[in-house]
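For reference, the chains in residue letters:
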Amino acid sequence: MKLLVTGGAGFIGSNFILYIMQQYPDYQIVNMDSLTYAGNLENLKSVEGNPNYTFVQADIADKQAVDAIFQQGVDVVVNFAAESHVDRSILEPEIFVNTNVLGTQVLLDASKNYGVTKFVQVSTDEVYGTLGETGLFSETTLLAPNSPYSASKAGGDLLVRAYHETFGLPVNITRCSNNYGPYQFPEKLIPLIISRALNDESLPIYGDGLNIRDWLYVEDHCSAIDLVIHQGKIGEVYNIGGNNERTNLHIVTTILEELGKPESLITFVADRPGHDRRYGIDPSKITNELGWKPRHNFETGIKETIRWYLNHKDWWTRIQSGAYREYMTQQYGKRLGEPE
Ligand code: NAD
Ligand code: TYD
């Protein structure tokens with residue numbers, strides 16, 4: 001089996017490549033990634049020399065580069081490549097449309113023209129918008145995205161659906177809740193809080209801190225995608241989530257307690273515009289149809305993750321230079337009362 005993994009140098013993509021190469025040592029993996037600020041080949045050092053692994057630096061919206069890869073033969077595509085951070089999508093929506101909508105369409109076209117056996121679109125629960133205090137997202141919940149990020153992901157999903165309905169392309173769409181674990185870029189809540197708390201820096205909490213996310217350990221997301229590749233019914237959408245709803249404040253105080261740092265580091269800052277209040281996934285379809293079950297619960301997963309960041313300080317301090325520092329000033333400078 002030859003798998004084209006796009007965005008394989010990012011957080012979930014790199015965890016997925018490491019996971020799949022362990023599960024299926026004879027699979028050939030092509031990792032296509034344009035290496036934006038979020039792509040880091042260091043995550044894949046352990047498989048670099050493996051003859052079944054190839055890296056190609058290219059943009060999924062670059063038709064010629066995509067064609068050149070498909071000409072070498074591809075059985076299954078797993079599309080992780082995306083601009084993935086909501087706050088950045090508020091500052092710069094255009095690149096989100098280019099990658100998440102146009103890039104997805106270019107990949108779909110090549111998949112159709114070269115006849116892949118499956119195209120798996122890795123999407124997000126954020127396409128469903130926000131929940132009130134009750135209820136959960138199911139696969140039939142209407143799409144109602146609220147940020148440029150989630151709107152661009154929804155656009156990609158709709159193209160995937162259309163390529164199935166119009167051209168008969170064999171597809172699946174997965175919609176997972178918030179992931180956490182090793183190799184997550186320290187702009188997302190959990191690694192941001194761990195890294196800043198370790199440096200005794202203030203911890204920016206948007207609004208009242210009572211927004212709720214449904215957290216899943218990244219390896220459990222990888223095992224779900226593995227099942228969807230091999231057993232997912234063509235044309236179906238699968239929601240993925242581990243029933244771990246927590247407020248942001250709960251996440252932050254858990255991390256502080258684990259690190260022995262004071263709650264006085266918490267700083268409430270201006271809310272994110274269009275901030276979704278609550279996400280919660282009903283995972284019964286993937287559980288009942290494909291037998292998926294998460295292996296990690298939040299209490300142990302968060303401890304493992306904190307330990308990983310403690311043991312890999314080099315990894316995230318190297319990232320916190322250059323372009324990332326510029327983004328931090330743009331995003332938080334005013335909110336945390338620092339000079340711009
Ligand atoms: P990430 O930002 O860590 O990684 C994205 C990767 O895609 C990077 O390696 C980047 O270099 C690459 N990339 C970006 N634009 C590209 C382009 N035009 N061409 C080729 N490569 C490009 O993101 P992540 O958190 O690993 O998320 C991966 C996927 O999973 C995304 O599609 C995201 O929408 C989805 N998802 C993420 C979460 C989460 O909690 N992180 C939850 C559900 C779904
Ligand atoms: P994030 O990790 O950006 O994921 P998403 O917005 O895609 O769910 O944010 C998770 C939650 O944490 C979200 O409710 C926004 C909040 N948040 C903060 O309060 N402060 C921060 O500095 C960041 C990055 C996020």
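The rules we used
- Residues numbered from 1 in each chain as written.
- Chains lettered and ligands numbered in written order.
- Predicted model: local features only at pLDDT ≥ 70, side-chain atom pairs only at ≥ 80, totals over all residues.
- Heavy atoms only, no water.
- Pairing = 2+ DSSP bridges.
- Helix = DSSP H or I, 4+ residues; strand = E, 2+ residues; numbered from the N terminus.
- Axes fitted to C-alpha atoms, helices over the stretch in contact; angles between N-to-C directions.
- Contact = heavy atoms within 4.5 Å.
- Near = heavy atom within 4 Å.
- Polar contact = N/O pair within 3.5 Å; in protein donor to acceptor, adjacent residues only side chain to side chain.
- Areas by Shrake-Rupley, 256 points an atom, 1.4 Å probe, with all protein chains shown as cover.
- Nonpolar A, V, L, I, M, F, W, Y, C, P; charged D, E, K, R; others polar.
- Core = buried A, V, L, I, M, F, W, Y, C linked by side-chain atoms within 4.5 Å.
- Buried < 20%, exposed > 50% of the residue type's maximum accessible area, 1.4 Å probe, protein only.
- Phe/Tyr/Trp six-rings, centres within 6.5 Å; stacked < 30°, edge-to-face > 60°.
- Lys NZ or Arg CZ within 6 Å of the ring centre and 35° of its normal.
- 1 Å grid on protein atoms, 1.4 Å probe; cavity = no way out; pocket = protein on both sides within 12 Å on 5 of 7 lines; lining within 4 Å.
- Points joined across faces, edges and corners; volume = space filled by probe spheres on them.
- UniProt positions renumbered as here; feature names shortened; annotations may be inferred.

**Comments concerning the sheet that holds strand β5 (residues 118–124)**
Right, so step 1: Spatial ordering of the open sheet is given by β3-β2-β1-β4-β5-β6-β11, a layout of 7 strands whose pairing is parallel. Only two strands of the sheet have a single partner each, and these edge strands are β3 (53–57) and β11 (237–240). For this sheet, the mean inter-axis angle between neighbouring strands, taken without regard to orientation, is 20°.
Right, so step 2: The strands that helix α2 (residues 63–71) touches are β1 (2–6), β2 (28–33), β3 and β4 (76–79); relative to β2, the one it contacts most, it runs at about 175°.
Right, so step 3: Seen against the sheet, helix α4 (residues 93–114) touches β1, β4 and β5 and runs at an angle of roughly 165° to β5.

**Quick look at the site of ligand 2**
Right, so step 1: The immediate surroundings of ligand 2 are formed by 19 residues, with Glu 126, Arg 213, Arg 272, His 275 and Tyr 332 found nearest.
Right, so step 2: Asn 178 places a side-chain nitrogen or oxygen 2.8 Å from an oxygen atom of ligand 2.
Right, so step 3: One nitrogen or oxygen atom from the side chain of Arg 272 is found 2.5 Å from an oxygen atom belonging to ligand 2.
Right, so step 4: For ligand 2, the protein covers 98% of the area, taking 510 Å² as the surface of the free molecule.
Right, so step 5: Among the elements of the structure, α3 (86–91), α6 (189–198) and β8 (203–206) are those that each provide at least two residues to the shell around ligand 2.
Right, so step 6: Looking at the shell around ligand 2 element by element, the count peaks at 3 residues for β8.
Right, so step 7: Of the residues belonging to the shell around ligand 2, the class tally is 8 nonpolar, 5 polar and 6 charged.

**A few points about the nonpolar core**
Right, so step 1: One finds Phe 16, Ile 29, Val 78 and Ile 255 to be the most contacted residues of the largest nonpolar core, which totals 67 residues.
Right, so step 2: Look past the residues within four positions of Ile 255 in its chain and what remains in contact with it is Ile 190, Ile 193, Ile 194, Ile 302 and Ile 306.
Right, so step 3: In this structure, Val 30, Ile 69, Val 106 and Tyr 128 belong to the second largest nonpolar core, which totals 30 residues.

**Section: the packing of aromatic side chains**
Right, so step 1: The full count for this structure, using the stated rule, is 19 aromatic pairs.
Right, so step 2: Ring centres of Trp 308 and Tyr 309 lie 4.9 Å apart, and the angle between their planes is 75°; this geometry places the pair in the edge-to-face category. For the pair Trp 308 and Tyr 309, one class covers both residues: buried.
Right, so step 3: Three or more aromatic residues joined by ring pairs form one cluster here, namely Tyr 37, Phe 185, Tyr 324 and Tyr 327.
Right, so step 4: Just above the ring of Phe 167 sits the side chain of Lys 112; from NZ or CZ to the centre is 4.8 Å.
Right, so step 5: Above the ring of Tyr 206, the side-chain terminus of Arg 335 is found at 4.6 Å from the ring centroid.

**Comments concerning the layout of surface pockets**
Right, so step 1: Within this model, the second largest pocket holds a volume of roughly 340 Å³.
Right, so step 2: Lining the second largest pocket we find 17 residues, and of these Asn 15, Tyr 19, Gln 22, Glu 219 and Arg 295 sit closest to its centre.
Right, so step 3: Sorting the residues of the lining of the second largest pocket by element identifies α1 (11–23) and α7 (218–231) as the ones contributing at least two each.
Right, so step 4: Here the residues of the lining of the second largest pocket are counted per class, giving 7 nonpolar, 5 polar and 5 charged.

**Observations concerning the pairing of β11**
Every regular strand shows the same layout, with side chains that alternate between the two sheet faces.
Right, so step 1: A two-sided burial pattern is seen for β11, the buried positions comprising Val 237 and Asn 239 on one face and Tyr 238 and Ile 240 on the other.
Right, so step 2: With 4 bridges joining them, strand β6 (residues 171–176) and β11 adopt parallel strand pairing. Counted as the bridge partner of Cys 176 is Ile 240 from β11.

**Quick notes on the UniProt feature "domain: NAD(P)-binding" (unreviewed entry) in the protein**
Right, so step 1: Those places that UniProt annotates as "domain: NAD(P)-binding" (unreviewed entry) correspond, in this numbering, to residues 4–305.
Right, so step 2: Between the first and last C-alpha atoms of residues 4–305 the distance is 28 Å; the span itself is 40% helix and 18% strand.

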